[in-house]
Amino acid sequence: MELETLAPRVSLYSASQPEKGNRSPDHRALRNDEFWKSLPGYAGINSDEFQTHIFQTRNSVTNVRQLRDTLKDRVPESFYEDVVEGIKHAPMALRISPYLLGLIDWDEPYLDPIRTQFLPVASQQLPNHPELRLDSLHEQKDSPVPGLIHRYPDKALFLPIDSCPVYCRFCTRSYAIGSDTDTVEKLKLSARAQRWDNTFTYIASRPELEDIVISGGDTYNLKPEHIQMIGERLLRMPNIRRIRYATKGLAVLPQKIITDHAWLDALTRVVELGRQMHKDVVVHTHFNHPNEITTVTERAMGKMTERGITVRCQTVLQRGVNDNSETMQLLVRRLSYINIHPYYVYFHDMVPGVEDLRTSLEAGLNIEKHVRGHTAGFNTPSFVVDTMGGGGKRDAHSFEHYDRETGIAVYTSPSVKPGVKFLYFDPLSTLDKTQQVRWQIPDERRLMIDTALNSTGGW
Ligand SMILES: *Cc1c(COP(=O)(O)O)cnc(C)c1O
Ligand code: SF4
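Residues numbered from 1 in each chain as written. Chains lettered and ligands numbered in written order. Predicted model: local features only at pLDDT ≥ 70, side-chain atom pairs only at ≥ 80, totals over all residues. Heavy atoms only, no water.

Participant: So what about the pairing of strand S5 (residues 280-285)? Which residues, and what values?
Facilitator: Burial runs high along S5: five of the six residues are buried. Sheet topology note: the strand S4 (residues 242-246)/S5 ladder contains five bridges and is parallel. Its bridge partner lying in S5, tyrosine 245 is registered against valine 283. With three bridges connecting them, S5 and strand S6 (residues 311-316) associate as parallel partners. (Buried < 20%, exposed > 50% of the residue type's maximum accessible area, 1.4 Å probe, protein only. Helix = DSSP H or I, 4+ residues; strand = E, 2+ residues; numbered from the N terminus. Pairing = 2+ DSSP bridges.)

Written as structure tokens, this is what we have:
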């Protein structure tokens, strides 16, 4: 009580208020117009046709020829050339739904957060950080059977399929997901019952496993009978208590939840079986920007809520997409509004070909400060770094050492890999010129990393 009366505390509060705090856009103002009609290729498509999963799937754009057919003269020729060049260095194949294409602001494609995530442009690409690697999380090392990653004691990640409804430029699993590109020949994890059988045998043989993430790829691309078969097989194992279906679908093709009755019914049957068995079945999804949430998403989430299906969101922090406090606050409020729980914000993994999308640890930690306290604690995501080399997810604040000059952070992970130190690197473009030069000299690089590994504290 006494503290409340102290005047300085009041002024401290006002000093730390975000400047634009009161002018933030309305999280309830969801887009409800026929936005796709401004694209030449979709001008004649009415809502009944556009808002179906069949239209969306059949008309997804997978190459520059189709992009041209859709956008025609909506963008200058130089934009198409930029995408053609961008694809040559991209680790992921191209695939984007008409819905997402329609939500992009084609007057400013270079600044648009959805374009940034799905269409590579050579003019924005940056050289890779010297320390980054394909499969930087060492997922293949932690795979006892192909397509199952068992890194943590009681939970594992099952990858039944290697395709997705869209392909994100920044996918962590660019070593396996989607078709081959000019730069990456993929590990193939196709949907095959024989491979799944080996996975089920392993999961059943490990009594410590209680929690299975069914991911990929994307479970949206599993047939309804496979959704049900995989769910039932897992739920019937006595050791398994929790399963999660991971899909980006709600963010990129929400129409499927509304018009693909067989798929949603199969998921619902697994959720209901789980409920009867007193086990937990939920969906994890992946939104990165408030523009990805429209009244179609709201309707899709309405169906999920009616069926009692819990949905959580994992977001990836990306430069030019969501790397400012206002955008992240709006995303969190908008997700909460339609009953999606913001669960994680991941710092961008150290994967090749997308260095333009990474942020510094400092920038992300600052955003976290502005998000926490903005809404309910259970709707406040944890900001995590999934450490290179397989240390697993760490609370971004929990570094042992962080040097903003060299951009090196050091983490430990005593419950996953005791006694090992794990590194995360700020993008070179966020460092001083002198530090950027040091990173180009192999001996200096070694010295900077060794110094970081041997120090504690810092920042
Ligand atoms: C992220 C992840 C999980 C699930 O972790 P949670 O923190 O419980 O969401 C499980 N296995 C692997 C390999 C993962 O990367
Ligand atoms: S939906 Fe997920 S698995 Fe598929 S490309 Fe995007 S990030 Fe990768």
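Participant: Could you give me a rundown of the sheet that holds strand S12 (residues 421-425), with the residues and numbers involved?
Facilitator: The antiparallel open sheet is built from three strands, whose spatial order is S10-S11-S12. Sheet topology places strand S10 (401-403) and S12 at the edges, where each strand pairs with a single neighbour. Strand after strand, the sheet turns through a mean of 20° between neighbouring axes, direction not considered. The strands that helix H17 (residues 442-454) touches are S10, strand S11 (408-412) and S12; relative to S11, the one it contacts most, it runs at about 40°. (Axes fitted to C-alpha atoms, helices over the stretch in contact; angles between N-to-C directions. Contact = heavy atoms within 4.5 Å.)

Participant: Provide a residue-level description of the pattern of salt bridges, including the pertinent values.
Facilitator: Evaluation of the coordinates by the stated rule reveals 26 salt bridges. Put simply, aspartate 356 and arginine 169 hold a salt bridge, and the shortest N to O gap is 3.1 Å. Residue aspartate 356 is located in the loop between strand S7 (340-346) and helix H15 (361-371), and its partner arginine 169 is located in the loop between strand S2 (155-158) and helix H8 (193-204); the two are separated by 187 residues in the primary sequence. The class of arginine 169 is buried, set by a relative accessible area of 6%. Residue lysine 188 pairs with aspartate 180 through a salt bridge whose shortest N-O separation is 3.2 Å. Overall, lysine 188 belongs to the exposed group, its relative accessible area being 52%. If you follow the salt bridges from partner to partner, you end up with Asp154, Glu210, Asp211, Arg242 and Arg244 in one network. (Salt bridge = Lys/Arg side-chain N within 4 Å of Asp/Glu carboxyl O.)

Participant: Describe the pairing of S7, listing the residues and the values that go with them.
Facilitator: Across the seven residues that make up S7, a large majority, five, are buried. In the sheet, S6 pairs with S7 via six bridges, with the strands oriented parallel. Its bridge partner lying in S7, threonine 315 is registered against valine 345. Following the chain from S6 across helix H14 (residues 325-337) to the adjacent parallel S7, one finds a crossover that is right-handed. Relative to strand S8 (residues 382-387), S7 is paired through three bridges, and the arrangement is parallel. (Right-handed = clockwise from strand over helix to strand, strands pointing away.)

Participant: How would you summarise the domain arrangement of the protein chain if you had to cite specific residues and measurements?
Facilitator: In terms of domain boundaries, the protein chain breaks down into domain 1 (35-124) and domain 2 (140-454). Distance between the C-alpha centres of domain 1 and domain 2: 25 Å. Listed by partner, the interface residues are 29 residues for domain 1 and 40 residues for domain 2. Contact between domain 1 and domain 2 buries roughly 2,700 Å² in total, counting both sides, with carbon and sulfur atoms accounting for 61%. Considering only the surface of domain 1 that becomes buried against domain 2, Pro91, Met92 and Gln117 emerge as the three largest contributors, covering 27% of it. Where domain 1 packs against domain 2, one counts zero salt bridges. (Domains from an automatic or database assignment. Buried area = accessible area lost by both parts, 1.4 Å probe.)

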